[in-house]
Amino acid sequence: TTMKQSHSALLADVSSTGARLRGEQLPYMGEEMLLSVDAVRAFGSVIWSGDGECGIAFDCPLAPDEEQALREKIAEAHGLPPDIKAAYDNWVVGCGR
């Protein structure tokens, strides 16, 4: 949600400091916004936008449990069980090797 309107988008990626969204009619670079997914709320600004995606930098880092909850939502959207998705994520960043 921005000051001007609400947007629907797919949460494509998340970290404690930001997120990547996919969708149509996303907010523009520089807009301030509130990301709201279930019980997680994070204020931030759009730092890049293009090709049906945008990146958000959060004003304050997410708490670890909030980040984990959003990662589980992403995994569910991709049809992977959360534990398998977490193992894959750890392998990608080098923690599971």
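One can find the structure itself at the top, above this paragraph.
What you see is a predicted model; the values in this text were computed from it and never measured. (Residues numbered from 1 in each chain as written. Predicted model: local features only at pLDDT ≥ 70, side-chain atom pairs only at ≥ 80, totals over all residues. Heavy atoms only, no water.)

A. Representation of the sheet that holds strand 3 (residues 32-37) within the structure. Taken in spatial order, the 5 strands make up an open sheet running 1-2-5-4-3, and their pairing is antiparallel. Here the strands that pair on one side only, and so sit at the sheet edges, are strand 1 (10-14) and strand 3. The sheet shows a mean angle of 40° between the axes of neighbouring strands, taken without regard to direction. In the sheet, strand 3 pairs with strand 4 (residues 40-50) via 6 bridges, with the strands oriented antiparallel. For V37, the partnering residue across the bridge sits in strand 4 and is V40. (Pairing = 2+ DSSP bridges. Helix = DSSP H or I, 4+ residues; strand = E, 2+ residues; numbered from the N terminus. Axes fitted to C-alpha atoms, helices over the stretch in contact; angles between N-to-C directions.)

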